[in-house]
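If you want the building blocks of each chain, they are given just below.
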Amino acid sequence: MAIKALGQEHANVIQPINYIDIDNTYWAYDAIEKAVYFELISNNADTEEFRPEDPVSYAYYKKN
């Protein structure tokens with residue numbers, strides 16, 4: 001949603017992302033790639049996982 005709000009849903013990102021638990025066939029790969037490129041999200045320095053199926057809630061965000 002953030003990518004669309006920024007008007008970048010059609011941006012062509014050439015820099016691939018390197019998470020070990022998703023590849024370019026994952027259904028949200030393009031959106032994740034753009035979010036990383038525009039620094040809306042970043043990977044955890046302790047791991048190379050994105051963990052796309054983990055739940056996200058306000059309580060989790062607030063805790064960390």
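Residues numbered from 1 in each chain as written. Predicted model: local features only at pLDDT ≥ 70, side-chain atom pairs only at ≥ 80, totals over all residues. Heavy atoms only, no water.

Caption draft 1: A look at the overall build of the chain. Per the secondary structure count, the chain includes three helices and zero strands. In the chain, which comprises 64 residues, the share counted as buried stands at 19%. Long-range contacts, defined as pairs at least 24 residues apart, comprise 55% of the intrachain contacts of the chain with a sequence gap of at least 6. Carbon and sulfur atoms provide 52% of the accessible area of the chain, an area that totals close to 5,500 Å². (Helix = DSSP H or I, 4+ residues; strand = E, 2+ residues; numbered from the N terminus. Buried < 20%, exposed > 50% of the residue type's maximum accessible area, 1.4 Å probe, protein only. Contact = heavy atoms within 4.5 Å. Areas by Shrake-Rupley, 256 points an atom, 1.4 Å probe, with all protein chains shown as cover.)

Caption draft 2: Region of interest: the packing of aromatic side chains. Tallying each qualifying case throughout the model produces three aromatic pairs. Ring geometry for Tyr26 and Trp27: centres 5.8 Å apart, planes at 40°, overall tilted. Looking at Tyr26, the relative accessible area reads 19%, which means it is buried. A ring pair is formed by Tyr37 and Phe38, whose centres lie 5.1 Å apart and whose planes are at 85°; its orientation type is edge-to-face. Residue Tyr37 is classed as partly exposed on the basis of its relative accessible area, which comes to 44%. (Phe/Tyr/Trp six-rings, centres within 6.5 Å; stacked < 30°, edge-to-face > 60°.)

Caption draft 3: Unusual backbone geometry, seen in detail. The phi torsion at Glu39 lies on the positive side, around 60°, for a residue other than glycine. Checked against the element boundaries, Glu39 lands in the loop between helix H2 (29-37) and helix H3 (58-63). You can call Glu39 exposed: its relative accessible area is 69%. Backbone geometry at Arg51 places phi at a positive 55°, although glycine is not the residue there. Looking at Arg51, the relative accessible area reads 39%, which means it is partly exposed.

Caption draft 4: Looking closely at the side chain of Glu33. One can find Glu33 in helix H2. It turns out Glu33 is buried and unbridged, and the closest side chain with the opposite charge, Lys34, is 6.8 Å from it. Not counting chain neighbours up to four residues away, the residues in contact with Glu33 comprise Val13, Gln15, Pro16 and Ile17. (Lys, Arg positive; Asp, Glu negative; His and termini not counted. Salt bridge = Lys/Arg side-chain N within 4 Å of Asp/Glu carboxyl O.)

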